[in-house]
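# Chains, contacts and geometry: an overview
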Amino acid sequence: MAQWTSAMGAVQLARLLTSQQDRPAGPGTRRPPAYRALADGIRLLVLEGRVPVAARLPAERELALALSVSRTTVASAYEALRTEGFLESRRGAGSWTAVPAGNPLPARGLEPLPPEALGSMIDLGCAALPAPEPWLTRAVQGALEELPPYAHTHGDYPAGLPALRAMIAERYTGRGIPTMPEQIMVTTGAMGAIDAICHLFAGRGERIAVESPSYANILQLMREAGARLVPVAMAEGLTGWDPDRWRQVLRDAAPRLAYVVADFHNPTGALAGEDQRRQLVEAARSAGTVLVADETMSELWLDADVEMPRPVCAFDPAGSTVITVGSASKAFWAGMRIGWVRAAPDVIRSLVAARAYADLGTPVLEQLAVNWLFSTGGWEKAVDVRREQARGNRDALVAAVRRELPAWEFEVPKGGLTLWVRAGGLSGSRLAEVGERVGVRVPSGPRFGVDGAFEGYVRLPFTVGGAVAEEAALRLAAAARLVESGGSTGGESPRTFVA
């Protein structure tokens, strides 16, 4: 019986491999033999989760034709992967990907590092900060005081607690966007919100237009929902969105949904201006596309001179085009899994009805905690703490990376939680792999693209500061030197770092 659970076509695999090879090689890089380069490329794709474990690889002859190499090169690469434990084969069943015993299964998204690994590994994979105390503790205590009346109910509120829906609606109204509670649904984080929206509007095989690059976990969520992703290139640096390009893609591809992060975009940090927002909404309306605006970073402006534009939904007064997603996870704490959707009442009713077959509702205690923060002014004070943390971390990380890796290029965003870095001609996938061996975890650029784009980039979040940021930059520099030389760590373990 075959041991594979999915199949990877020769053309698809060749495209992913070519995206790695097309980037310029670092100075002094030793070029390995062709079979070794091919084996390394496939191994990196497996380790990053871009080629799933237990995926049947194309036959040697098919891949050789797709890559324009000899069959001997492919056969030698497959044999090397079998020897290393990354490939298994059976006569008549083909060859499929695997991971060696003792290796963790690769993640398809950017999951947090297990707590037991924090002593030896600096985690730059997850863009999340510790809770802004004492506000988390106070919010939970306040929620416990409000809990008794709810404990006498069944506890299922598919649309969210009425008090929290009303509070979120009031906050939108205060921003100049008149909103009724009937336009709000509380969800389990922003991921839960976008998952519900995708299932309602974009069934399997439907097109969804996405920024390129975009947030890796959302891209993977959409892939696993069966969507066909249509990338729309972001401009270089922090200039962000090209409305003409969006207009053309939406007109030509006619996607059912489009997803944008207009407020301190993840991963680039760009902030869309009012005219860009207006034109995005107009383009979506003209194409009949529903525009999902992710506002999870909207309160994380870090510099005093930032003038925040109006929300994307401000340019859709009829409420027929824009669905807004918000969350407490970035502005407050990732462990507070409370998100929300703002949309037309009929859309909210459809989302709530569909939820009966998903998670039924969001935890009551966490909703009460967020409502306590909103109603007491604790939210604003907690977000001030969060901004101060992120600002200090950003400045420390920028200084350390510029000092230790002067060839790496990036622009410093005025808000958000991430730096989008061009890694001096090095492979982001190889930096991610070698980085884990020297004690720093960093996501590579292709995680944030479609079909292997952004091989020359890495994303660095503002999650560490001070001496830890300096140590992270030193470890990244060590990884870069190893990638440049084509070498390895020789099994050397990273030293434990205590902040």
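Computed from a predicted structure; not experimentally measured.

### A short note on the overall build of the protein chain
- Helix and strand content of the protein chain: 16 helices and 15 strands.
- Counting the 499 residues in the protein chain, one finds 54% classified as buried.
- A separation threshold of at least 6 residues defines the contact pool for the protein chain, and within that pool the share at least 24 residues apart is 75%.
- For the protein chain, the accessible area works out to roughly 21,100 Å², and carbon and sulfur atoms hold 53% of it.

### Comments concerning the nonpolar core
- Counting 41 residues, the largest nonpolar core has L124, V401, W408, L419, L431, L460 and L476 as its most contacted members.
- Counting only elements with at least two residues in this core, the list comes to helix 14 (378-404), strand 13 (418-422), helix 15 (428-438), strand 15 (457-461) and helix 16 (466-485).
- If you tally residues by element for this core, the top one is helix 16, at 10 residues.
- Apart from the residues within four sequence positions on either side, L476 is in contact with L124, L405, W408, V440, V442 and L460.
- I197, F201, Y215 and A343 belong to the second largest nonpolar core, which has 31 residues in total.

### A word on the sheet that holds strand 6 (residues 184-187)
- Strands sit in the order 6-12-11-10-9-7-8 across an open sheet of 7 strands; the sheet is mixed. Lying at the two open borders of the sheet, with one neighbouring strand each, are strand 6 and strand 8 (228-233). For this sheet, the mean angle separating the axes of adjacent strands, direction not counted, is 25 degrees.
- Pairing geometry for strand 7 (residues 207-212) and strand 9 (residues 257-260), over 3 bridges, is parallel. Opposite V210, over in strand 9, you have Y259 as the bridge partner.
- Running over the sheet, helix 10 (residues 243-253) touches strand 7, strand 8 and strand 9 and is turned about 155 degrees from strand 8.

### Looking at the pattern of salt bridges
- Applying the stated rule across the entire model yields 26 salt bridges.
- D123 is the partner of R441 in a salt bridge, and the nearest nitrogen-oxygen pair spans 2.9 Å. In this pair, R441 sits in strand 14 (residues 440-441) while D123 sits in strand 5 (residues 122-123), placing the two residues 318 residues apart along the sequence.
- Here R441 falls in the buried class, since its relative accessible area comes to 9%.
- For D123, a relative accessible area of 15% translates into the label buried.
- Overlapping salt bridges, with partners in common, bring together R36, D40, R43, E84, E433 and R437 in one network.

### Structural notes on a nonpolar patch on the surface
- Together, V140, L144 and L365 line one region of the surface with nonpolar side chains, adding up to about 220 Å² of accessible area.
- Note on placement: L365 falls in helix 13 (residues 364-376).
- Judged by relative accessible area, which is 34%, L365 ranks as partly exposed.

### A closer look at helix 12 (residues 345-355)
- Among all positions in helix 12, only V347, I348, L351 and R355 are buried. Down the axis of helix 12, the sector holding all buried residues measures 100 degrees, keeping them to one side.
- Residues of helix 12 that are buried make contact with helix 7 (162-174), strand 6, helix 8 (189-201), strand 11 (322-327) and strand 12 (339-342).

### Notes on the confidence of the model for the protein chain
- Overall, the prediction assigns the protein chain a mean pLDDT of 89, with 89% of residues at 70 or greater.
- Low pLDDT, under 50, characterises residues 22-27; the stretch is placed with 11 contacts to residues that sit more than four places away or in other chains.

### What about the packing of aromatic side chains?
- Applying the stated criterion across every chain yields a total of 8 aromatic pairs.
- Pairing W340 with F374 gives two aromatic rings, centres 6.1 Å apart and planes at 75 degrees, and the pair type is edge-to-face. Of this pair, W340 sits in strand 12 while F374 sits in helix 13, placing them 34 residues apart in sequence. Of the two residues, W340 and F374, both sit in the buried class.
- Judged by centre distance (5.9 Å) and plane angle (80 degrees), the ring pair of F454 and Y457 falls under edge-to-face. For the pair F454 and Y457, a shared accessibility class is recorded, and that class is buried.
- We note R138 situated over the ring of W135; from NZ or CZ to the ring centre the distance is 4.6 Å.
- Its end group placed over the ring of W301, R387 keeps NZ or CZ at 3.9 Å from the ring centre.

The rules we used
Residues numbered from 1 in each chain as written. Predicted model: local features only at pLDDT ≥ 70, side-chain atom pairs only at ≥ 80, totals over all residues. Heavy atoms only, no water. Helix = DSSP H or I, 4+ residues; strand = E, 2+ residues; numbered from the N terminus. Buried < 20%, exposed > 50% of the residue type's maximum accessible area, 1.4 Å probe, protein only. Contact = heavy atoms within 4.5 Å. Areas by Shrake-Rupley, 256 points an atom, 1.4 Å probe, with all protein chains shown as cover. Core = buried A, V, L, I, M, F, W, Y, C linked by side-chain atoms within 4.5 Å. Pairing = 2+ DSSP bridges. Axes fitted to C-alpha atoms, helices over the stretch in contact; angles between N-to-C directions. Salt bridge = Lys/Arg side-chain N within 4 Å of Asp/Glu carboxyl O. Patch = residues over 30% accessible without salt bridge, like charges linked within 9 Å, V, L, I, M, F, W, Y side chains within 5 Å. Arc of directions from axis to C-beta. pLDDT = per-residue confidence, 0-100. Phe/Tyr/Trp six-rings, centres within 6.5 Å; stacked < 30°, edge-to-face > 60°. Lys NZ or Arg CZ within 6 Å of the ring centre and 35° of its normal.

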